[in-house]
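Structural overview for review
What follows is each chain in one-letter form.
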Amino acid sequence: MKVKTMATSGIIAALYVAVTFLVAPFGFTNIQFRLSEMFNHLVVFNKKYIIGVVLGVFIANLLFSELGPIDLVFGVGHSIFALSITILSAKFIKGLYRRMFFNTLVFTFTMFIIAWELNIALEFPFLLTWFFLAVSEFVVMAVGIPIMGAINKRLNLSKLI
């Protein structure tokens, strides 16, 4: 791995953790407004961003989650799964905004993984939890689309890593 890729991945992970910390009380319940989730859109620009995002999820869950190891497995697993779907879809979906919208839908739908985790760990009702998680994830990811688009215009995210 190139030094530039490692450094950029470390910065992305640190940003993910820092933004998660800002909203920590609202990022680990059955209604999660984890603003750092908008960093998931980075893989639309370059698949190498998966490393920094997944590392950020791992560290944030390790530091802030009260669920312990189960959140490392489900949270990180969810991110890897959803990000991989988005990366694989890039061959078929053209246009950054279309791919970000697709990514939003992928993360919204796959929140069933986190709902399952909360059902196992805290006995939250699965369907209701999935609904609230999906709505909150959709809001954060949808708000993230124009933000990431604006950042891309300034930094050219596809060539930054």
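Right above here is the structure, for reference.
Residues numbered from 1 in each chain as written. Predicted model: local features only at pLDDT ≥ 70, side-chain atom pairs only at ≥ 80, totals over all residues. Heavy atoms only, no water.

1. Overview of the overall build of the protein
To keep it simple, the criterion reads: Runs of H or I in DSSP of at least four residues are treated as helices and runs of E of at least two as strands, each being numbered from the N terminus. Computation of the radius of gyration draws on C-alpha atoms alone. For the globule rule, the value is 2.2 Å times the number of residues to the power 0.38. Three exposure classes are used, based on accessible area relative to the maximum for each residue type with a 1.4 Å probe and protein chains only: buried under 20%, partly exposed in between, and exposed over 50%. What makes two residues a contact is simply this: any of their non-hydrogen atoms within 4.5 Å. Note on areas: these come from Shrake-Rupley sampling with a 1.4 Å probe, and a residue is covered only by the protein chains present in the view. We count Lys and Arg on the positive side and Asp and Glu on the negative side, and we leave His and both chain ends out. All charge positions are set by atom: Lys at NZ, Arg at CZ, Asp at CG, Glu at CD.
Along the backbone of the protein there are 8 helices and 0 strands. Over its C-alpha trace the protein gives a radius of gyration of 15 Å, about what one expects of a compact globule, namely 15 Å for 161 residues. Dimensions along the principal axes, computed over C-alpha positions, put the protein at roughly 45 × 30 × 25 Å. Among the 161 residues that make up the protein, the fraction classed as buried is 47%. Within the protein, contacts between residues separated by at least 24 positions form 70% of all contacts whose residues are at least 6 apart in sequence. Carbon and sulfur atoms make up 75% of the accessible area of the protein, which amounts to about 8,300 Å² in all. In the protein, which carries 12 positive and 6 negative side-chain charges, the distance between the mean positions of the two groups comes to 29 Å.

2. Overview of a positive patch on the surface
Filter applied, for reference: Patches draw on residues past 30% relative accessible area with no salt bridge. Two like charges within 9 Å are joined, as are two nonpolar side chains (Val, Leu, Ile, Met, Phe, Trp, Tyr) within 5 Å. We define a salt bridge as a side-chain nitrogen of Lys or Arg found within 4 Å of a carboxyl oxygen belonging to Asp or Glu.
The grouping of Lys2, Lys4, Lys47, Lys48 and Lys91 at the surface amounts to a positive patch. By the element assignment, Lys47 lies in the loop between helix H2 (42–45) and helix H3 (49–64). Take Lys47: its relative accessible area is 57%, and that puts it in the exposed class.

3. Here's the deal with the side chain of His78
With respect to the helices and strands, the residue His78 is situated in helix H4 (residues 69–89). Once you skip the residues sitting within four places of it in the chain, His78 turns out to touch Phe107, Thr110, Met111, Ile113 and Ile114.

4. As for the packing of aromatic side chains
The geometry of an aromatic ring pair is captured by the separation of the ring centres together with the interplanar angle, meaning the angle of the planes. To keep things clear, this is the line we draw: For Phe, Tyr and Trp, rings pair up if their centres lie within 6.5 Å, where Trp contributes its six-membered ring, and each pair is then called stacked (planes under 30 degrees apart), edge-to-face (over 60) or tilted (otherwise).
Overall, the coordinates contain 8 aromatic pairs when judged by the stated rule. With centroids separated by 6.4 Å and ring planes inclined at 50 degrees, the aromatic side chains of Tyr16 and Phe39 adopt a geometry described as tilted. You can see Tyr16 sitting in helix H1 (residues 3–22) and its partner Phe39 sitting in the loop between H1 and H2, a full 23 residues away along the chain. Their ring planes at 65 degrees and their centres at 5.5 Å tell us that Phe131 and Phe132 sit as a pair that is edge-to-face. The exposure class assigned to Phe131 is partly exposed, which follows from its relative accessible area of 48%. The exposure class of Phe132 is partly exposed, given its relative accessible area of 30%. Each member of the aromatic cluster is reached from another via a ring pair, and the members are Phe109, Phe112, Phe126 and Trp130.

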